[in-house]
Amino acid sequence: MDLMKKFWIDFRQRFISLLSYQFSKFGSAFALNILHNTNIKTVDNTDVKQLNKEELEVHLTLYDLKRLELYSQNLVDYHLIVDLLPIVARLYFTQRFSSQIHLSHVQNAILLSIGLQHKDIDDITNELGLPSGQVLGLFSRVIKKFANYLKAIEEKSIEKTLTNIKSFDENKLRPISQTLDDELEEAAQVVQRSEKKQFKELSKDLAQYAIKGSEDDWDSALKGSKKTLISIKSLAKRSIGDESGDQKSNEKNHKKLSFSHSLAIIFNRQ
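Residues numbered from 1 in each chain as written. Predicted model: local features only at pLDDT ≥ 70, side-chain atom pairs only at ≥ 80, totals over all residues. Heavy atoms only, no water.

Engineer: Lay out the overall build of the chain with the relevant residues and their values.
Structural biologist: A tally of helices and strands in the chain yields 11 helices and 0 strands. Its helices and strands in sequence order give the chain the pattern α-α-α-α-α-α-α-α-α-α-α, from N to C terminus. The buried share of the chain, reckoned over its 270 residues, is 25%. Across the chain, contacts joining residues at least 24 apart in sequence account for 69% of those joining residues at least 6 apart. For the chain, the computed accessible surface area is about 20100 Å², with 55% contributed by carbon and sulfur atoms. (Helix = DSSP H or I, 4+ residues; strand = E, 2+ residues; numbered from the N terminus. Buried < 20%, exposed > 50% of the residue type's maximum accessible area, 1.4 Å probe, protein only. Contact = heavy atoms within 4.5 Å. Areas by Shrake-Rupley, 256 points an atom, 1.4 Å probe, with all protein chains shown as cover.)

Engineer: Describe a negative patch on the surface, with residues and values.
Structural biologist: On the surface, Asp181, Asp182, Glu183, Glu185 and Glu186 cluster together to form a negatively charged patch. A residue is classified by how much of its surface remains accessible, and Glu185, at 48% relative accessible area, is partly exposed. (Patch = residues over 30% accessible without salt bridge, like charges linked within 9 Å, V, L, I, M, F, W, Y side chains within 5 Å. Salt bridge = Lys/Arg side-chain N within 4 Å of Asp/Glu carboxyl O. Lys, Arg positive; Asp, Glu negative; His and termini not counted. Charge placed at Lys NZ, Arg CZ, Asp CG, Glu CD.)

Engineer: I'd like to hear about the packing of aromatic side chains, residue by residue, with values.
Structural biologist: Geometry of an aromatic ring pair is reported as the spacing of the ring centres plus the angle between the planes. Counted by the stated rule, this structure contains 11 aromatic pairs. With 5.4 Å between their ring centres and 35 degrees between their planes, Phe15 and Phe23 make a pair best called tilted. Look at Phe23 and you get partly exposed, because its relative accessible area is 26%. With 5.1 Å between their ring centres and 70 degrees between their planes, Phe97 and Phe146 make a pair best called edge-to-face. In this pair, Phe97 sits in the loop between helix H5 (85-93) and helix H6 (105-116) while Phe146 sits in helix H8 (residues 132-166), placing the two residues 49 residues apart along the sequence. On the basis of relative accessible area, Phe97 is assigned to the buried category, the value being 2%. On the basis of relative accessible area, Phe146 is assigned to the buried category, the value being 1%. Cluster of aromatic residues (ring-pair linked, three or more members): Trp8, Phe11, Phe15, Phe23, Phe26 and Phe30. (Phe/Tyr/Trp six-rings, centres within 6.5 Å; stacked < 30°, edge-to-face > 60°.)

Honestly, it's all geometry; don't read function into it.
Written out as structure tokens, the structure reads:
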């Protein structure tokens, strides 16, 4: 970009800002001739940064875009979007919009008068010599083009985000080779093996407290017996050391029981 283009872009921005002050007395046709100066080589949209989603969010919120869309559908009155007109008009006349948006000279004059010079509809109709219904109709078409363009910016940003998600490594999104039922069944088998192992260890610990003898041995020992001590022949084979230890403990228990029984007899006789 040469020096003259830079100077023209700077002048255009300042002139647009001053159109809402003393320059508001200018006719719309005269102001448009200044903005479209033929003495300067055409400034392409490539010389000015195009509007993107991040910058759009600085100027307009989603609610603002919804208001523009509602007005383009003739669902609300134009007074509901008056506060947004200076923003969209400035973005358009500074060529921040795409060059695909084309407005007629009358539409440019209406947009400049309302958005930049802050004129009301009566002043515009008197200046252009058009009825108010036609002015509002042309203005509604302008807002409809702007609303569609701004909505397209939002949609392209969302589409780009979805494209980035799809571009992930396919290996990271590859499904697992094992189904959920197989995984649950495998986990159940692990738990069952662990429970069997714990039960086996617990059975070994409780085996020393098991009561020996079969049901017949117990029946024959208890039938008609008044003894305080009953012995049952063990069916399990034990080592000599275990047998000797058991005999000693049985003798001690027998002595204790006999002594207790003798004391009980003495007390009963008394």
